[in-house]
Amino acid sequence: FEVPPSIADTYKESLEQDYKQKFQQNYDKEKMSKEISDLSKNTVKWHLIKELLIKEYKINLQESDIVKQIKDFIEKNPTQKDQINEFYNKPENKQKLAEDLINQSLFKELDKYFINKVKESSTDKIRTKQGE
C-alpha cells in the first residue's frame, strides 16, 4: 500500500536531521536520500499496520500494567530501587515502557501464527556431535 506522502516526508525530514547531527562531516545527502526515503516509508507502513493490528487484537494497556512492570524491575534489582523509580518518573521513559509492553503483547499474539523451524541445541550437545 502507498504511504501518505505527507507522513513519509515528515518522517524522512526527521531522519535526515538525526543523520546530519550524528554524522556531521560524513553526511552525504545525495547518497543517503534514497536509503532514508525507503526507511521512512517502511517505518511509516509498519506503524500504520501495527496500529491496525493492535486495534484488531484489542490490545490495551492499563496504568496498573505499567506499575506492575516497574515493580517487577525493582524486585529483580532491589539495590537500584531509587534509580528505577527516578527513571520511570520521567514521562518519556514511562511512555517508552508502555510502548514496549504493547509491542510485547502484539508480538505474543502474532507469534501464534508462526512456526519456529529452528532447532535449539545445547552447547554440550553440539560439542558432543563435533567430537564424533
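What counts, and at which threshold
- Residues numbered from 1 in each chain as written.
- Predicted model: local features only at pLDDT ≥ 70, side-chain atom pairs only at ≥ 80, totals over all residues.
- Heavy atoms only, no water.
- Patch = residues over 30% accessible without salt bridge, like charges linked within 9 Å, V, L, I, M, F, W, Y side chains within 5 Å.
- Areas by Shrake-Rupley, 256 points an atom, 1.4 Å probe, with all protein chains shown as cover.
- Salt bridge = Lys/Arg side-chain N within 4 Å of Asp/Glu carboxyl O.
- Helix = DSSP H or I, 4+ residues; strand = E, 2+ residues; numbered from the N terminus.
- Buried < 20%, exposed > 50% of the residue type's maximum accessible area, 1.4 Å probe, protein only.
- Core = buried A, V, L, I, M, F, W, Y, C linked by side-chain atoms within 4.5 Å.
- Contact = heavy atoms within 4.5 Å.
- Expected span 1.5 Å × (residues − 1).
- Axes fitted to C-alpha atoms, helices over the stretch in contact; angles between N-to-C directions.
- Parallel < 35°, antiparallel > 145°, perpendicular 65-115°, else oblique.
- Nonpolar A, V, L, I, M, F, W, Y, C, P; charged D, E, K, R; others polar.

The next thing to look at is a nonpolar patch on the surface. Side chains of Phe1, Trp46, Ile49 and Phe107 sit close together on the surface and give an oily, nonpolar patch of about 400 Å² of accessible area. Position of Trp46 among the secondary structure elements: in helix 2 (residues 29-56). Classification of Trp46 by relative accessible area gives partly exposed; the value is 32%.

Turning our eyes to something else, we now look at the nonpolar core. Ile66, Ile70, Ile74, Ile84, Tyr88, Leu97, Ala98 and Leu101 together form the largest nonpolar core, which totals eight residues. Of all the elements in the fold, those that place two or more residues in this core are helix 3 (63-76), helix 4 (81-88) and helix 5 (91-111). Excluding its chain neighbours within four sequence positions, the residues that come into contact with Tyr88 are Ile70, Phe73, Asn93, Lys94 and Leu97. Within the second largest apolar cluster, five residues are counted, among which are Tyr19, Tyr27, Met32 and Ile36.

A word on helix 2. The end-to-end C-alpha separation of helix 2 is 39 Å, in line with the 40 Å expected for 28 residues at 1.5 Å each. All of the buried residues in helix 2 are Met32, Ile36, Ser37, Ser40, Thr43, Val44, Lys50 and Ile54.

Once that is clear, we can look at the packing of helix 3 against helix 5. Between helix 3 and helix 5, whose axes approach to 10 Å, the crossing angle comes to 100 degrees. With respect to each other, helix 3 and helix 5 are oriented roughly perpendicular. Residues Glu63, Asp65, Ile66, Gln69, Ile70 and Phe73 of helix 3 pack against Lys94, Leu97, Ala98 and Leu101 of helix 5. Of the residues contributing to the contact of helix 3 with helix 5, the split by class is six nonpolar, one polar and three charged.

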